[in-house]
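# Tertiary structure, described
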Amino acid sequence: MNISDILETRKLTVSFEIFPPKQDSAFDAVLGYVDDLVTLSPDFISVTYGAGGGTSANTVRIASRIQETGVTPLAHLTCLSSTRDEVHRIIDELSAKGIGNVLALRGDRPKDPDFVPPGDFSHASDLVREIRSRGDFCVGGACYPEGHPESAHMDSDLDNLKKKVDEGCSFLTTQMFFDNNMLYSFLYRAQAKGINVPVLAGIMPVINASQIKRMVELSNAYLPPKILSLVDRFGESPEAMRQAGIAYATEQIIDLVSNGVRGIHIYAMNKSDVVGDIMGNISEIVKVAR
Ligand code: FAD
């Protein structure tokens, strides 16, 4: 099913994100996570894309598996490090497998200072245009409630986001954030720029102390004192930290849904048990709001 149709017809959507294994030997384990996540009745499941190598092929394989379960898959695709031909190959493969939803991303700049991108794509908006011109796809994009780390100003970041939406993005998924006020303020500013497509709130459950350091390095997300004290107090105790992280994510989601946010996207990090606990905590809320 087309994700923009799902977003239009449901009052609340809850979706999950998984990532493909780096090694093929772990492939079956990821299929197991897919099966577990499917039992939680998500509106769709997205699969990330690692530029180059085996993980990019695995994105299509895992998306196909999701499709077989009857849940709608959303395949991520990046473009900065790819040639136009490589991008065409993946789009055509998705099309052949009947996967019609793609999250179009630029991808991070490789850390290697000598890396020279092929140059066919500079921004995600170029990929949105390419996908739209190649078939009947529903295309989404990423957005950043606290601004993309490379952007000097939120205002210019929003101007660029508007260009991406104007190229044909039907919905946006946010980068993780830990302070809901960041999202509310972003939504007002996006609306003021004329960005009117649905925005799905990306929620990252923080269940261990080392994860948070890595996540913040990647995303630049603001960490409210409340989450810092959880990590300080429980970071050394895996079970307690897991419980506290699940409670924090649950509280974030309840506040978002209470305030009218209509799309919750949980970064499952291939931890279907954690997502299961969160969904258990909000089962009645989801029933009422959906
Ligand atoms: P863009 O929309 O191109 O924006 C990147 C930067 O360029 C921004 O600073 C923007 O303001 C600027 N910009 C955009 N257009 C223009 C323009 N026309 N002129 C000048 N500047 C411009 N990475 C992966 O490798 N695989 C994944 O599966 C993946 N999934 C993700 C899912 C989500 C929900 C999010 C939020 C991120 C994901 N990422 C993934 C990370 C993403 O690739 C990086 O954050 C990357 O740095 C930016 O990607 P983008 O698509 O937002 O880029």
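Residues numbered from 1 in each chain as written. Predicted model: local features only at pLDDT ≥ 70, side-chain atom pairs only at ≥ 80, totals over all residues. Heavy atoms only, no water.

## Side note on unusual backbone geometry
Of note, the phi angle at serine 41 is positive, near 55°, even though the residue is not glycine. Classification of serine 41 as partly exposed rests on a relative accessible area of 43%. Non-glycine residue asparagine 270 carries a positive phi angle of around 60°. Among the structural elements, asparagine 270 can be located in the loop between strand E8 (263–267) and helix H11 (272–281). The exposure class of asparagine 270 is buried, given its relative accessible area of 10%. (Buried < 20%, exposed > 50% of the residue type's maximum accessible area, 1.4 Å probe, protein only. Helix = DSSP H or I, 4+ residues; strand = E, 2+ residues; numbered from the N terminus.)

## Some remarks on the pairing of strand E4 (residues 101–105)
The element E4 is largely enclosed, with a buried count of five among its five residues. Side chains Asn101, Leu103 and Leu105 of E4 all project onto a buried face; the interleaved residues Val102 and Ala104 project onto the opposite face, where all are buried too. Summarising the sheet, strand E3 (residues 72–78) and E4 pair through four bridges and their orientation is parallel. Considered in E4, the bridge of leucine 77 is made with alanine 104. Running through helix H4 (residues 84–96), the crossover from E3 to the neighbouring parallel element E4 is right-handed. Strand direction decides the pairing type here: E4 and strand E5 (residues 138–143), joined by three bridges, are parallel. Along E5, the bridge assignment pairs leucine 103 with glycine 140. One crossover worth recording links E4 to the parallel E5 by way of helix H5 (residues 124–134), and it is right-handed. (Pairing = 2+ DSSP bridges. Right-handed = clockwise from strand over helix to strand, strands pointing away.)

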